[in-house]
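Reading the structure
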Amino acid sequence: VYMSATRNNPNQPVLILADGMARNGRVIADTRLENGLPKISGDGNYVVYNSFLDGEMDIYLYDVRNDFTVNLTNSDIPEYFPTINYDGSVIVYEKLLGGSPTAVDFIELFACDRDGGNERQLTLNKFADTLPAITDDGQWVVFVSRRWDFTGDGHYDETMFYMDINGETTYKITKDPFYDCPRISTLSDGRLAAVVNRVRRSPQGGPREERNWLYFSEDEGETWSGPQETPVEGVVPDQVVGEPAPH
């Protein structure tokens, strides 16, 4: 699933669902997507995205098999950056609780079920909790939180956390302010793997670094090792699949 401009309307992207070779694509959303930010469930049956379709930024779910769309949040409060677990039973997203879109201190994380019911607030700390990703089983969430001076530099720092789906238990993964856009996977040996991009400029003023790094946990997220550098350049990774990386 991806966003693409069209020849007839290059300034208004549509949301396209295609096969693994990017063929046989079909438009599944084409109205007021803005930052659509689509995410497809691991079983391929559901797509979540945010859109202004009903006049406010809401979270939508598209049912691939039955070809219909539902507004999950349908509120007057803007919601963004949805993520979905493997079978599409749990959706986690950001909610702007006050201020303006630039007043990031008001961003908290929420979750709901596939039908939009059972909405619950996961974070309540008046920090900017953003960019959530959820484990396949829907039980844990990794996210970035913008918190004051974790690294002692007198500025807000972006810190990566790991939290249960009820928001009751939270573990800190890293204090490095340069890591962003985490994604979480369970490896075949039972370890958790968080892949995250790091974006920063070199001290000499050269080109900025855009590379993906890995963190691992062997105790269900309580402690993490890393970061482990990868040769993969770019930003906004999706997930780690295949054989587990060496310990």
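Placed above this text is the structure.
First, a word on scope: everything that follows refers to the structure included in this document. Everything numeric in this text was worked out from a predicted model, so none of it was measured.

1. Looking at the overall build of the protein
Within the protein, the secondary structure is distributed over zero helices and 19 strands. For the protein, buried positions account for 43% of its 247 residues. Pairs at least 24 residues apart make up 33% of the contacts formed inside the protein by residues separated by at least 6 positions. Taken as a whole, the protein presents about 12700 Å² of accessible surface, with 47% of it coming from carbon and sulfur.

2. Focus: the packing of aromatic side chains
Applying the stated rule across the entire model yields five aromatic pairs. Consider the rings of F143 and F161, whose centres lie 5.8 Å apart with planes at 20 degrees: the pair is stacked. Taken together, the positions of F143 in strand β13 (residues 140-148) and F161 in strand β14 (residues 156-164) put the pair 18 residues apart, joining distant regions of the chain. Residue classification places F143 among the buried residues on the basis of a relative accessible area of 1%. With a centroid separation of 5.3 Å and 75 degrees between ring planes, the pair formed by Y162 and W224 is classed as edge-to-face.

3. Overview of the environment of T123
Along the chain, T123 turns up in the loop between β11 (120-121) and β12 (128-134). For T123, a relative accessible area of 4% corresponds to the buried category. Along the primary structure T123 and E108 are separated by 15 residues, whereas in three dimensions their C-alpha atoms are 5.6 Å apart. Excluding residues within four positions of it along the chain, T123 makes contact with E108, L109, D129, F143 and M163. Looking at T123, its side chain comes within polar contact range of the side chain of E108, at 2.6 Å. For T123, the side chain forms a polar contact with the side chain of D129, separated by 3.1 Å.

4. Side note on the pattern of salt bridges
This model, assessed by the stated rule, comprises six salt bridges. The residue K95 makes a salt bridge to E79 at a minimum N-O spacing of 2.9 Å. Here E79 lies in strand β8 (residues 79-84) and K95 lies in strand β9 (residues 90-96), a separation of 16 residues in the sequence. Within the structure, one salt-bridge network assembled from shared partners comprises E79, K95 and E119.

5. Here we look at the sheet that holds strand β6 (residues 58-63)
Pairing is antiparallel in the open sheet, where four strands are placed in the order β4-β5-β6-β7. Unpaired on one side and paired on the other, β4 (39-40) and β7 (68-71) mark the two borders of the sheet. Sheet topology note: the β6/β7 ladder contains four bridges and is antiparallel. From the neighbouring strand, Y60 faces β7, where its bridge partner is N71.

What counts and how
Residues numbered from 1 in each chain as written. Predicted model: local features only at pLDDT ≥ 70, side-chain atom pairs only at ≥ 80, totals over all residues. Heavy atoms only, no water. Helix = DSSP H or I, 4+ residues; strand = E, 2+ residues; numbered from the N terminus. Buried < 20%, exposed > 50% of the residue type's maximum accessible area, 1.4 Å probe, protein only. Contact = heavy atoms within 4.5 Å. Areas by Shrake-Rupley, 256 points an atom, 1.4 Å probe, with all protein chains shown as cover. Phe/Tyr/Trp six-rings, centres within 6.5 Å; stacked < 30°, edge-to-face > 60°. Polar contact = N/O pair within 3.5 Å; in protein donor to acceptor, adjacent residues only side chain to side chain. Salt bridge = Lys/Arg side-chain N within 4 Å of Asp/Glu carboxyl O. Pairing = 2+ DSSP bridges.

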